[in-house]
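# Coordinate analysis (summary)
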Amino acid sequence: MHSRLQQDLEDFPQILDYTRQLAQTFLAGLEQRPVCPPAVEQQLQPEDKILLEEGRGALATLENFWQRYAAGLSGSAGPRYFGFVTGGGTPAALAADWLVSTIDQNSLLSHDTIAAAIELATIEQLKTLLHLPADFSGSFVSGATMANFVGIAIGRQWLGQQRGIDVAQQGVGALGPIQILSANAHSSSVKALSMLGIGRTALKNITQQADSEALNITALEQHLAATPGIPTIVLASAGTVNTAAFDDFPSLLALRERYPFWLHVDAAFGGVAACSPRHTHLLQGWQQADSITIDAHKWMNVPYDSAIQFTRHLSLQMQVFQNHSSYLEAPILRPDNYLHLTPENSRRFRALPLWIALKAYGRSGMQEIVERNIRLARQLGAALAASEGFCLLAPVNLNIVCFALTDVKGDAETARDRFIERLDHHGVIRCTPTYYNGQPGIRAALVNWMTEEKDIILALRSMQACRPDTSSSLGKTPLK
Ligand SMILES: *Cc1c(COP(=O)(O)O)cnc(C)c1O
């Protein structure tokens, strides 16, 4: 054995101890850590770009990494990172994620590890949590992008099946043109269309409702009536990233009776609202979808990367993803035969953090996070609406505040970008830009388990301090 490996084998306990100390330091400072570290801190030193001939061992290397680069890490797992849709990691999920790397199981088959059984049990518990019926099966993938990819891939196979074509064997070309209909498909689904050979131009944008990002059902019906016989997938939203708008699932289901299509629901974060009795109505009817996407690393507060794809068409899924080889087990239709159901071959034991988190906090723990985030988002929205210099671009539907600056001098987009730059520099909250109804806007998405009322107060103060005409008075106020 190489001398460094030998040394590290002996030092294993110290290495783990030191790592635990680093983790503890990081977590203790998480609330104070800037959400957007300065660009200089995000630069790698030249010598760290070069492969070493002689390694330095784990302890020295870890220490060196921490000393040089800890300042370049964002507090994105903390309570005031409202950019994109960014979750953190609850203590149980984080601890389990450590163990996942430690125990290093290859979670593809069920013969030599308990991993697949735990994954299956996690999926079953999620179905209970989110009120999904028994005929759904699911598996863990790396993110909602991959869950959308899997859902659309199974949909593509179904479109073929309806026409006596096996797309998995014959290729997507055998199907001829396909149309993908959506009002506000997430960009990751558009990427999936490219990866699946369907093509980005297959996406036909259906108009949204006058007062919401939800799909206009009448417009969809007109489009379906005008394109008879064209293989169709409808990409529905359960929570758009701008305003958390939900499509009208009962109306989509009624349309599906008359115009057969595959219904995929991107519920990356919005689907988690199903765990709250106050919000389940938003998802009414989604149980009848053909495939569903849920992220675990957003509102379920599991560390990256983790998501779940659900479908009620297991055998079609296996047609797409089966993996034949003389050295692998033959595909058998089982919901836990992950080797034959997911894009990956070897797989991380991704289910464990969510399984542990669900056991640690239960259904009511998840509900509390969701309801607290929604309450705080509404509070932030109301405060911004009442605040000079800000307005809401849309009502706060759920956990996302979509707002804009008012009374800006000059170009609205430039002012918006400057505002976000100042927020980043201030380091107290992170928001990300968007466009809503053609207007430059700003999004604050609340999905972190640690966010409390004090964070909303700090957020408002930072926003007010970073407004274009008040920013000159902006100092680096230390966080309390
Ligand atoms: C975040 C998000 C995605 C992409 O998810 P990743 O986990 O980043 O791959 C897709 N759809 C929606 C609605 C999202 O919010």
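Model, not experiment: these values are computed from the prediction. The residue numbers shown here count from 1 along each chain, following its written sequence. This being a predicted model, a pLDDT of at least 70 is required before a residue's local features are given, and a value of 80 or more before pairs of side-chain atoms are given or counted; all residues contribute to the totals for chains, interfaces and linings. For the side-chain quantities, the full set of heavy atoms in the structure was used; hydrogens and water were omitted.

### Quick word on the packing of helix α12 (residues 412–426) against helix α13 (residues 453–466)
Interaxial distance between α12 and α13 falls to 9 Å at its minimum, and their mutual angle equals 130°. Taken together, the axes of α12 and α13 lie oblique to each other. Between α12 and α13 lies a crossing whose hand is right-handed. Facing α12, whose interface residues are Phe419, Arg422, Leu423 and His426, α13 presents Ser462, Met463, Ala465 and Cys466. Per-class residue counts for the contact of α12 with α13 are five nonpolar, two polar and one charged. Helix axes use the C-alpha atoms of the stretch in contact, all axes being lines fitted to C-alpha atoms, and the angles between their N-to-C directions lie in the range 0 to 180 degrees. A helix here means a DSSP run of H or I that spans at least four residues, while a strand means a run of E at least two residues long, and both kinds are numbered starting from the N terminus. To sort the angles, those under 35 degrees are grouped as roughly parallel, those over 145 as roughly antiparallel, those from 65 to 115 as roughly perpendicular, and the leftovers as oblique. Should the near helix be turned anticlockwise from the far one by less than a right angle, the crossing is left-handed, and should it be turned clockwise, the crossing is right-handed. Between two residues, a contact is recorded if the distance between any of their heavy atoms is within 4.5 Å. All amino acids are sorted into three groups, where Ala, Val, Leu, Ile, Met, Phe, Trp, Tyr, Cys and Pro are nonpolar, Asp, Glu, Lys and Arg are charged, and the leftover types, Gly among them, are polar.

### Concerning the environment of Lys454
Structurally, Lys454 is set in helix α13. Between the C-alpha atom of Lys454 and that of Leu376, which follows or precedes it by 78 residues, the distance is 10.0 Å.

### Comments concerning unusual backbone geometry
In the segment running from Tyr304 into Asp305, the intervening peptide bond is cis, with an omega of -10°. Topologically, Asp305 is positioned in the loop between β6 (291–295) and β7 (307–311). A positive phi angle, close to 60°, is found at His131, a residue other than glycine. With respect to the helices and strands, His131 occurs in the loop between α4 (115–129) and β1 (137–141). When accessible area is computed with a 1.4 Å probe and restricted to protein chains, residues below 20% of their type maximum are described as buried, those above 50% as exposed, and intermediate ones as partly exposed. A residue is classified by how much of its surface remains accessible, and His131, at 45% relative accessible area, is partly exposed.

### Some remarks on helix α9 (residues 249–258)
Along α9, the residues that are buried comprise Phe249, Leu252, Leu253, Leu255 and Arg256. Down the axis of α9, the buried set is contained in an arc of 160°. They therefore lie on one face. Exposed side of α9, more than 90 degrees from the buried face: Glu257 and Arg258 are the residues found there. Contact partners of the buried residues in α9: α8 (217–226), β4 (232–237) and β5 (262–266). This arc describes the spread of directions from the helix axis toward the C-beta atoms.

### Details of the site of the ligand
What makes a residue near a molecule or strand is one non-hydrogen atom of that residue sitting within 4 Å of it. Near the ligand there are 14 residues, and of these Thr145, Asp266, Asp295, His297 and Lys298 occur at the shortest range. Note that an oxygen atom of the ligand is positioned 2.9 Å from one of the backbone N or O atoms of Ala144. Here His297 contributes a side-chain N or O atom positioned 2.7 Å from an oxygen atom of the ligand. Element by element, the count of residues in the shell around the ligand is highest for helix α5 (residues 144–162), at three residues. Within the shell around the ligand, the residues separate by chemical class into four nonpolar, seven polar and three charged. For this analysis, a polar contact is any N or O atom pair within 3.5 Å, provided that within protein one partner can donate a hydrogen and the other can accept it, and provided that sequence-adjacent residues contribute only side-chain to side-chain pairs.

### Observations regarding the pattern of salt bridges
For this document, the term salt bridge refers to a Lys or Arg side-chain nitrogen within 4 Å of an Asp or Glu carboxyl oxygen. Under the defined criterion, the tally for this structure stands at 21 salt bridges. Glu124 is paired through a salt bridge with Lys127; the nearest N and O atoms lie 3.0 Å apart. Of the two residues, Glu124 and Lys127 both sit in helix α4, three residues apart, roughly one turn of that helix. With relative accessibility at 37%, the residue Glu124 sits in the partly exposed group.

### Considerations on the nonpolar core
Judged by nonpolar contacts, the single largest core of 66 residues is most densely connected at Trp286, Ile292 and Leu354. Sorting elements by how many residues they give to this core places helix α11 (residues 351–386) first, with ten residues. Sequence-distant contacts of Trp286, that is, excluding residues within four places in its chain, are made with Leu130, Leu132, Phe249, Ala267, Gly271, Ala274, Ile292 and Ile294. Within the second largest apolar cluster, 29 residues are counted, among which are Val141, Val150, Ile178 and Leu203. Grouping buried Ala, Val, Leu, Ile, Met, Phe, Trp, Tyr and Cys residues that are joined through side-chain atoms within 4.5 Å yields what is termed a nonpolar core.

### Topic: the sheet that holds β6
Should DSSP find at least two bridges between two strands, the strands are taken to pair. Strand order in the open sheet formed by seven strands is β1-β7-β6-β5-β4-β2-β3, with mixed pairing between adjacent strands. The open sheet has two edge strands with one neighbour each: β1 and β3 (203–205). The average undirected angle you get between the axes of adjacent strands in this sheet is 20°. For β4 and β5, the ladder comprises five bridges, and the chain directions are parallel. Bridge pairing links Leu235 to His264 in β5. Contacts from α4 reach β1 and β7 within the one sheet, and its direction differs from that of β1 by about 115°.

### Considerations on the side chain of Arg430
Mapped onto the elements of the fold, Arg430 is located in the loop between α12 and β10 (432–436). When near neighbours in sequence (up to four residues on either side) are disregarded, Arg430 contacts Val35, Cys36, Arg80, Tyr81, Phe82, Gly83, Phe84 and Asp424.

### Quick word on the domain arrangement of the protein chain
An automatic or database domain assignment supplies the residue ranges for each domain. If you check the domain split of the protein chain, you get domain 1 (3–75) and domain 2 (94–357). If you average the C-alpha positions of domain 1 and of domain 2, the two centres end up 36 Å apart.

### Describing helix α2 (residues 58–69)
What a helix is expected to span follows from its residue count: subtract one and scale by 1.5 Å. Helix length check: α2, at twelve residues, gives a terminal C-alpha distance of 16 Å against a target of 16 Å (1.5 Å per residue), a fit within 8%. All buried positions along α2 are accounted for by Ala58, Trp66 and Tyr69. Here the buried residues of α2 occupy an arc of 105° about the axis, which is enough to place them on one side. On its buried side, α2 packs onto α1 (3–28).

### Focus on a nonpolar patch on the surface
A cluster of nonpolar side chains, contributed by Met1, Leu5, Leu9, Phe12 and Leu16, occupies part of the molecular surface with about 570 Å² of accessible area. Locating Phe12 in the fold gives a position in helix α1. Two joining distances apply to patches: 9 Å for like charges and 5 Å for nonpolar side chains (Val, Leu, Ile, Met, Phe, Trp, Tyr), and every residue must have over 30% relative accessible area and no salt bridge. Accessible surface area values rest on a Shrake-Rupley calculation with a 1.4 Å probe, where residue burial reflects the displayed protein chains alone.

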